[in-house]
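Summary of structural features
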Amino acid sequence: MTLVAVVGDGCTTTALGIAAAWPVGGDCIVAEFDPAGGCMAAWLDVPRSPGLAEVVASSTPAAWTTIESMLQRAASGVDVLVAPTRSLEAAAVVLASTSTVLSVLSALAEPVVIADGGRLRGGLSPLVQQANVVVVAHRQHSGSAAAAALGIERVAELTSQLVSRFIPTVVALIGARPYTVEDVARFVEVDVVGLADDPWSAAVLAGRAGSRVRLRRSPLMRSLGELAAVVSARLRPIESNDDWSRSFDDVSMERR
């Protein structure tokens, strides 16, 4: 079981970052299931098709071979399944994929599927309900204490729903102010990993120009390495943490 749902603020960058920082020894792909419309094709500068729409429209949407044939390779080296960009088409395609594509992805032994589910609106989505692990990405409102507190309250409400359904959950907290990781962890009562708010690194991660050496050493990629390790431990518990204790620098150099 290898389906990781990433939802909330900045979930596209977070999903791609988890895939890029995934521990050595496991393959992963990134798939879009945002009913509000996909942005991964534009962000990664890949064609809008083939993608999820072509899988759903095929004669065998519930076959892994069909899904695999619609993947595209991004410049960063990550394989992606893109969703339609327009909201009406995306909503229909994501809904149609629930009983076919999602069921296949949630039952895979490999590769790990990091699914970008967009922002949740009005309850848990089918993606979240079928996921083996959920990552809730949340960007702090550093300019307003009241807005920041409200945002954390909403994260806590969502994580409470997930925990009540026994879905392993991790919060990815983007930005270090006004609340620390420890503050938020006490409030939401699930694992919290802090992610650096670093637009430059996010752009390079998507394939834009920039030093890959500098990227590997950036605070964002280091924190994404920690997040990927936490998610992988929730997804496939292991007997010893020693196998996953290497730094992100070492992992990145081995992948290259």
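Residues numbered from 1 in each chain as written. Predicted model: local features only at pLDDT ≥ 70, side-chain atom pairs only at ≥ 80, totals over all residues. Heavy atoms only, no water.

As summarised here, the arrangement of the eight strands in space is β3-β4-β2-β5-β1-β6-β7-β8, forming an open sheet in which the pairing is mixed. At either end of the open sheet lies a strand with only one pairing partner, and these are β3 (72-73) and β8 (191-195). Where strand β1 (residues 3-8) and strand β5 (residues 112-118) come together, five bridges link them in parallel fashion. Residue pairing in the sheet places V4 in a bridge with I114 of β5. Along the sheet, helix α1 (residues 11-20) contacts β1, β2 (28-32), β4 (79-81), β5, β6 (133-139), β7 (169-174) and β8; its crossing angle with β5, the most-contacted strand, is approximately 170°. Sitting on the sheet, helix α8 (residues 145-164) is in contact with β6 and β7, with an inclination near 175° to β6. (Pairing = 2+ DSSP bridges. Helix = DSSP H or I, 4+ residues; strand = E, 2+ residues; numbered from the N terminus. Contact = heavy atoms within 4.5 Å. Axes fitted to C-alpha atoms, helices over the stretch in contact; angles between N-to-C directions.)

The biggest cluster of nonpolar side chains holds 41 residues, and the ones touching the most others in it are V4, W22, V30, I114 and L227. Among the elements that take part in this core, helix α12 (residues 219-235) stands out by supplying eight residues, more than any other. Excluding anything up to four places from it in sequence, L227 contacts T14, I18, V170, A172, V193 and L195. Within the second largest apolar cluster, 40 residues are counted, among which are L3, A5, L71 and V93. (Core = buried A, V, L, I, M, F, W, Y, C linked by side-chain atoms within 4.5 Å. Buried < 20%, exposed > 50% of the residue type's maximum accessible area, 1.4 Å probe, protein only.)

With that settled, the discussion passes to unusual backbone geometry. Residue P111 follows E110 across a cis peptide bond; omega there is 0°. Counting through the fold element by element, P111 comes out in the loop between α6 (101-107) and β5. Cis geometry is adopted by the peptide bond preceding P178, which originates at R177 and carries an omega value of 5°. Within the secondary structure, P178 is located in the loop between β7 and α9 (181-188). Here the phi dihedral of F166 falls at roughly 60°; this positive angle occurs in a residue that is not glycine. Its place among the elements puts F166 in the loop between α8 and β7. Even without a glycine there, the phi angle at E189 is positive, about 65°. Of note, E189 is situated in the loop between α9 and β8.

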